[in-house]
Amino acid sequence: MADLGTQDRTVPVDVDGDHDRFSHYCNKADIVRSIVTGEAITALCGKKWVPTRDPDRYPVCPACRELYASRLSG
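A brief structural summary. Within each chain, residue numbers correspond to sequence positions counted from 1 in written order. The predicted nature of this model means local features are confined to residues of pLDDT at least 70 and side-chain atom pairs, given and counted, to a pLDDT of 80 or more, with totals for whole chains, interfaces and linings taken over all residues. Only hydrogens and water are set aside when side-chain values are computed; all heavy atoms of the structure are taken into account.

Once that is clear, we can look at the overall build of the chain. Helix and strand assignments come from DSSP, with helices taken as H or I runs of at least 4 residues and strands as E runs of at least 2, each series counted from the N terminus. When helices and strands are counted, the chain shows two helices and two strands. Tracing the chain from N to C terminus, the helices and strands come up as α-β-β-α. A burial count over the chain gives 24% of its 74 residues as buried. Once local pairs closer than 6 in sequence are excluded, the contacts in the chain between residues at least 24 apart make up 59%. Throughout, exposure labels follow a simple rule: accessible area from a 1.4 Å probe, protein chains only, divided by the maximum for the residue type, with under 20% read as buried, over 50% as exposed, and the rest as partly exposed. Pairs of residues are marked as contacts when any of their non-hydrogen atoms sit within 4.5 Å.

Note that Ala 43 resides in the loop between β1 (41–42) and β2 (48–49). Taking the C-alpha atoms as reference points, Ala 43 and Tyr 25, separated by 18 residues in sequence, lie 5.5 Å from one another.

Turning our attention to the pattern of salt bridges. Salt-bridge detection follows one rule: a side-chain nitrogen of Lys or Arg within 4 Å of a carboxyl oxygen of Asp or Glu. As enumerated under the stated definition, the model contains two salt bridges in all. With a closest N to O distance of 2.9 Å, Asp 30 and Arg 33 form a salt bridge. Taken together, the residues Asp 30 and Arg 33, both in helix α1 (residues 28–37) and three residues apart, mark about one turn of the helix. The closest approach of N and O atoms between Glu 39 and Arg 33, which form a salt bridge, is 3.0 Å. On the accessibility criterion, Glu 39 (37% relative accessible area) is partly exposed. A relative accessible area of 33% means that Arg 33 is categorised as partly exposed.

Let's shift gears to the nonpolar core. Side chains of nonpolar character tend, in soluble globular proteins, to be buried together. Formed by Cys 26, Ile 41, Ala 43, Leu 44, Cys 45, Trp 49, Cys 61, Cys 64, Leu 67 and Tyr 68, the largest nonpolar core amounts to 10 residues. Counting residues per element, this core draws most heavily on helix α2 (residues 62–73), which supplies three residues. As used here, the term nonpolar core means buried Ala, Val, Leu, Ile, Met, Phe, Trp, Tyr and Cys residues forming a set that is joined through side-chain atoms within 4.5 Å.

In this section: the side chain of Ser 34. Here Ser 34 shows up in helix α1. Pairs of N or O atoms are called polar contacts if they sit within 3.5 Å, as long as, within protein, a hydrogen donor faces a hydrogen acceptor (for residues adjacent in sequence, only side-chain-to-side-chain pairs). From its side chain, Ser 34 meets the backbone oxygen of Glu 39 in a polar contact 2.8 Å long. The residues contacting Ser 34, other than those within four sequence positions of it, are Glu 39, Ile 41, Val 50 and Pro 51.

Each disulfide consists of a covalent bond between the sulfur atoms of two cysteine residues. What counts as a disulfide here is a pair of cysteine sulfur atoms lying within 2.5 Å. Scanning all chains against the criterion turns up zero disulfides. Residue Cys 45 stays outside any disulfide, its sulfur separated by 3.7 Å from that of Cys 64, the closest cysteine. For Cys 45, a relative accessible area of 4% gives the class buried. Of all cysteine sulfurs in the structure, the one in Cys 64 sits closest to Cys 61, which takes part in no disulfide; the separation is 3.9 Å. Given the relative accessible area of 2%, Cys 61 is considered buried.

What follows is the structure, given as structure tokens:
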């Protein structure tokens, strides 16, 4: 995944729910920083969390997928 830079649109999500059933797209540097420091990161869809689970075990968040695709095409 390429470095995504700044986000044009985010939808803040601070509660647990369906977002926990998906893997999310975010900046690779943010993932590394979170692994080292334990601080929360923000996905393209706005989900804030500390990544601790294997993302391959979950389907990709539809909102993240849509936002990532729109960045690639535009």
